[in-house]
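# Structure assessment
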Amino acid sequence: MTEIHKGSCLCQGIRYEIHGLIGESVQCHCQRCRKASGTAYAVTAPIQAVDFKIVQGEDLLKKYQSAPTIQRCFCAECGSPILSIRQEMPEIYRLRVGTLDTPLMQKPVMHIFTADKAEWHDICDHLPQFAERP
């Protein structure tokens, strides 16, 4: 049986479903993720692009080229980040886990790009930490 996860943006203008597995989530501390989220890190998880379906508000999903090889997709109305797409791996999306409406029981497995970590944030768990992407 296929797993189905549902999610949305803050204003509920975009609603999506994922018909498949959500991979291991990571806490990314890179400067781009911090700026895109306005927080100390972003929690993302890989999903298969073919499993991602927008069921409402496709016209609200906007893309921003945040780096030469990375597009960030967000709601044009409320600004919620939904996912990112890496040019070298277009078949895999990086989902912003905080936009899920259905429970996700798995916990993040690591911190990445800790060399770029916000100086005002302390990592207080025992997850593995990597200065860059492992």
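Preceding this paragraph is the structure being described.
Below you will find a few notes about this structure. (Residues numbered from 1 in each chain as written. Predicted model: local features only at pLDDT ≥ 70, side-chain atom pairs only at ≥ 80, totals over all residues. Heavy atoms only, no water.)

Counting 19 residues, the largest nonpolar core has I18 and F52 as its most contacted members. Those elements giving two or more residues to this core turn out to be β2 (15-19), β4 (42-48), β7 (70-75), β8 (81-86) and β9 (92-96). Not counting residues within four places of it along the chain, the set of residues in contact with F52 comprises Y16, E17, I18, I47, I82, L83 and Y93. In this structure, V26, C30, C33 and F113 belong to the second largest nonpolar core, which totals eight residues. (Core = buried A, V, L, I, M, F, W, Y, C linked by side-chain atoms within 4.5 Å. Buried < 20%, exposed > 50% of the residue type's maximum accessible area, 1.4 Å probe, protein only. Helix = DSSP H or I, 4+ residues; strand = E, 2+ residues; numbered from the N terminus. Contact = heavy atoms within 4.5 Å.)

Where β7 and β8 come together, five bridges link them in antiparallel fashion. Residue pairing in the sheet places F74 in a bridge with P81 of β8. Linking two consecutive strands that pair antiparallel, namely β7 and β8, is a turn of five residues; a positive phi of about 85° is found at G79 within it. When β8 meets β9, the two strands line up antiparallel, connected through three bridges. When the bridges of β9 are listed, I85 appears paired with Y93. If you look at the hairpin formed by β8 and β9, you'll find five residues sitting between the two strands. (Pairing = 2+ DSSP bridges.)

We now examine the sheet that holds strand β5 (residues 52-56). Through backbone hydrogen bonds, the strands of a sheet pair up, either in parallel or in antiparallel fashion. The strand order β1-β2-β5 describes an open sheet built from three strands, whose pairing is antiparallel. Sheet topology places β1 (4-8) and β5 at the edges, where each strand pairs with a single neighbour. Neighbour-to-neighbour, the strand axes of the sheet open up by a mean angle of 25°, direction not taken into account. One ladder, built from five bridges, connects β1 with β2; its direction is antiparallel. Paired with G7 across the bridge in β2 is Y16. (Axes fitted to C-alpha atoms, helices over the stretch in contact; angles between N-to-C directions.)

Tracing the chain through its elements places A40 in the loop between α1 (31-37) and β4. In the structure, A40 is positioned 39 residues away from G79 in sequence and 17 Å away in space, judged by C-alpha atoms. Look past the residues within four positions of A40 in its chain and what remains in contact with it is H29, R34, W120 and H121.

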